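Architecture at a glance
Here's the letter readout for the chains.
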Amino acid sequence: LMHKLFTIQEEERKRISRELHDETSQSLASLLAYMKVLLSKLTDDNQKELLLGARDVAINVLDGLRKMAVELRPPVLDDLGLIAAIDKYINHFSMQHHIPIYFSSPDTKLMISNDISLALYRILQESLTNISKHACATEVRITLLNDTNTISLIIFDDGLGLRPGELESARQNNRLGVYGMKERVELLGGSFDFHSVSGNGTKITVVL
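Residues numbered from 1 in each chain as written. Predicted model: local features only at pLDDT ≥ 70, side-chain atom pairs only at ≥ 80, totals over all residues. Heavy atoms only, no water.

Moving on to unusual backbone geometry. Not every positive phi belongs to a glycine, and His98 is a case in point at roughly 55 degrees. Along the chain, His98 falls in the loop between helix 4 (82-97) and strand 1 (101-104). For His98, a relative accessible area of 70% translates into the label exposed. One non-glycine residue, Cys136, lies in positive phi territory at about 55 degrees. On the secondary structure map, Cys136 appears in the loop between helix 5 (114-135) and strand 2 (140-146). For Cys136, a relative accessible area of 62% corresponds to the exposed category. (Helix = DSSP H or I, 4+ residues; strand = E, 2+ residues; numbered from the N terminus. Buried < 20%, exposed > 50% of the residue type's maximum accessible area, 1.4 Å probe, protein only.)

Have a look at this one:
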C-alpha cells in the first residue's frame, strides 16, 4: 500500500509539473509578449510605469512557477540521471541558502532503476530542507557511493543536531520527514540510518 501511495504521489507530481511548465508558464509567457507590444504603443509615462510594474510581477510569478515545476519533477533526473540532478539541485540550494555543499560521486553514469533514483533524490531534498530550516549548519557534505551490489547516499551537516527526545517529539507532532525517508528506503529493501547528536550535527546514511 505504501509503495502504491508513493507511486501515485510521484505520478501526480509529474503531472502537475508538466501542467505548470506546458500550460501555465506558456500562458504567462504569452501575457508578457502582449505587455511588450502594449508598452511599445503607450505614450503616457504613468501608464508605462504601471504596465512595467505589472510586467515585473508577471516575470516573478513565471520564474516561481518554473522553479516549482522543477522541484516537483526535475527534467534532468529523467534526461541525464541522478548525479546530474543532484549536482544541479545542490548548486541552486547552496546559492539560495548560502550554505557550502561538497558533493562527491562516482565518475561513471549510474545504472539504477527509476524507483531508486527518485527515492535518493527525494531523500536529498527532504534532508536539505530540514538542514535549511533547523540545523544552522555552516557546511554540508554529500557522498554518493556505488559498487557492484549497492548504492549509498550519505548526507552530513555540521549543524545543531537533535536533542534527546526531539525526533520522537517531531513524530508525535506529525512532522514526519525523517520517517517518510525511512519508509521510502525500506519499501525498496534498503537500510536507513539517522544519527544525530546535540551540538555535533546530523548524518543520514541510505544503502539500497
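With that out of the way, let us pick up the pattern of salt bridges. As enumerated under the stated definition, the model contains 4 salt bridges in all. Here Arg15 and Glu12 are joined by a salt bridge, their closest N and O atoms 2.7 Å apart. Taken together, the positions of Arg15 and Glu12, both in helix 1 (residues 2-41) and 3 residues apart, correspond to about one turn of that helix. By relative accessible area, Glu12 is classed as partly exposed at 36%. Across the pair Glu19 and Arg15 runs a salt bridge, and its minimum N-O distance is 3.2 Å. Here Arg15 and Glu19 lie together in helix 1, a separation of 4 residues that amounts to about one turn. (Salt bridge = Lys/Arg side-chain N within 4 Å of Asp/Glu carboxyl O.)

Attention now goes to helix 2 (residues 45-72). Look at helix 2: 41 Å from first C-alpha to last across 28 residues, which is about the 40 Å you get at 1.5 Å a residue. When we look at burial in helix 2, the residues that qualify are Leu51, Ala58, Leu62, Leu65 and Ala69. (Expected span 1.5 Å × (residues − 1).)

What follows is about the packing of helix 1 against helix 7 (residues 177-187). Contact pair helix 1 / helix 7: the axes reach a minimum separation of 10 Å and the direction vectors enclose 110 degrees. As summarised for this structure, helix 1 and helix 7 are arranged roughly perpendicular, according to the angle between their axes. Facing helix 1, whose interface residues are Met2, His3, Phe6, Gln9, Glu10 and Arg13, helix 7 presents Gly180, Glu183, Arg184 and Leu187. Tallied by class, the residues present in the contact of helix 1 with helix 7 amount to 3 nonpolar, 3 polar and 4 charged. (Axes fitted to C-alpha atoms, helices over the stretch in contact; angles between N-to-C directions. Parallel < 35°, antiparallel > 145°, perpendicular 65-115°, else oblique. Contact = heavy atoms within 4.5 Å. Nonpolar A, V, L, I, M, F, W, Y, C, P; charged D, E, K, R; others polar.)

This part takes up the environment of Ala29. Mapping Ala29 onto the fold places it in helix 1. What makes Ala29 partly exposed here is its relative accessible area of 28%. Residues Ala29 and Ile154, spaced 125 residues apart in sequence, show a C-alpha to C-alpha distance of 40 Å.

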